[in-house]
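# A structural walkthrough
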Amino acid sequence: MTKTTLQAALAEAETALDEVVEPLSFYQNVSTSKQLRDASNEAEVLVRDYGVDASMRLDVFQAKVAAEKNIKTSGRKLDAEEQRLVDKMLLDGKRAGLALPEAQRTELMKLKKELSQTSLEFSVSTTRVYIISRALNQLYYRKTTMRRMLGNSHLRSTQSAY
């Protein structure tokens, strides 16, 4: 597989996934239905786990390495932009841990999933805190408004008696 076909296939797959996933995760932030928010959060967990699995696919990394090798052995000269893309794709794979031995890759994948889950839980908790804080502010506003209204009506009834 050449750089161009590999790059195009990866980009198309990522775009197709985003088109399906983004609407699902949108509901966790905007829906008034707890059931829908919870379902959206569950979908987000699955998508994040898939994202970790997809980013740690050794076969895809090896295909990128093979594509670079094919380009070099063919004698084809890449322009600066193409070379940067190839280098970046390989560097991303190495930074993701794909050049590590299998045992370390497996441990890293487990840690990435745990981090992803913790991050999502934090996000959900932060959203809940925001909602509770907002509800408390609304209650406080209503309470002070009622006090003002009651205080003012009491003054009016007292003044009208004179």
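Residues numbered from 1 in each chain as written. Predicted model: local features only at pLDDT ≥ 70, side-chain atom pairs only at ≥ 80, totals over all residues. Heavy atoms only, no water.

## Looking at the pattern of salt bridges
Any two side chains of opposite charge can pair if their charged atoms end up close together. Scanning all chains against the criterion turns up 7 salt bridges. The closest approach of N and O atoms between Lys34 and Asp38, which form a salt bridge, is 2.8 Å. Of this pair, Lys34 and Asp38 both sit in helix H2 (residues 34–55), separated by 4 residues, roughly a single helical turn. Residue classification places Asp38 among the partly exposed residues on the basis of a relative accessible area of 26%. One salt bridge connects Arg76 with Glu82, and the closest N-O pair in it is separated by 3.4 Å. Residue Glu82 is classed as buried on the basis of its relative accessible area of 18%. (Salt bridge = Lys/Arg side-chain N within 4 Å of Asp/Glu carboxyl O. Helix = DSSP H or I, 4+ residues; strand = E, 2+ residues; numbered from the N terminus. Buried < 20%, exposed > 50% of the residue type's maximum accessible area, 1.4 Å probe, protein only.)

## Quick notes on the nonpolar core
Formed by Val52, Met56, Phe61, Ile71, Leu78, Val86, Leu90, Ala96 and Leu98, the largest nonpolar core amounts to 9 residues. At the level of secondary structure, the elements contributing two or more residues to this core comprise helix H3 (58–74) and helix H4 (80–95). In this structure, Leu98 is in contact with Ser55, Met56, Arg57, Leu58, Phe61, Gly93 and Arg105, ignoring residues within four places of it in sequence. (Core = buried A, V, L, I, M, F, W, Y, C linked by side-chain atoms within 4.5 Å. Contact = heavy atoms within 4.5 Å.)

## Considering a negative patch on the surface
A contiguous patch of negative charge, built from Glu14, Asp18, Glu19 and Glu22, is present on the exposed surface. With respect to the secondary-structure elements, Glu14 resides in helix H1 (residues 3–30). The class of Glu14 is exposed, set by a relative accessible area of 52%. (Patch = residues over 30% accessible without salt bridge, like charges linked within 9 Å, V, L, I, M, F, W, Y side chains within 5 Å. Areas by Shrake-Rupley, 256 points an atom, 1.4 Å probe, with all protein chains shown as cover. Lys, Arg positive; Asp, Glu negative; His and termini not counted. Charge placed at Lys NZ, Arg CZ, Asp CG, Glu CD.)

## So, the packing of H3 against H4
Describing two packed helices takes the angle between their axes plus the distance from one axis to the other. Between H3 and H4, the shortest axis-to-axis distance is 10 Å and the interhelical angle comes to 145 degrees. Here the hand of the crossing between H3 and H4 comes out left-handed. Here H3 contributes Phe61, Lys64, Val65, Glu68 and Ile71 to the contact with H4, which in turn contributes Val86, Asp87, Met89, Leu90, Gly93 and Lys94. Across the contact of H3 with H4, the residue classes break down as 6 nonpolar, 1 polar and 4 charged. (Axes fitted to C-alpha atoms, helices over the stretch in contact; angles between N-to-C directions. Left-handed = near helix turned anticlockwise from the far one by under 90°. Nonpolar A, V, L, I, M, F, W, Y, C, P; charged D, E, K, R; others polar.)

## Observations regarding a nonpolar patch on the surface
On the surface, Phe26, Tyr27, Val30 and Leu36 cluster together to form a nonpolar patch covering roughly 360 Å² of accessible area. Ranked by residue count, the leading element in the nonpolar patch is H1, at 3 residues. The topology assignment puts Tyr27 in helix H1. The class of Tyr27 is partly exposed, set by a relative accessible area of 37%.

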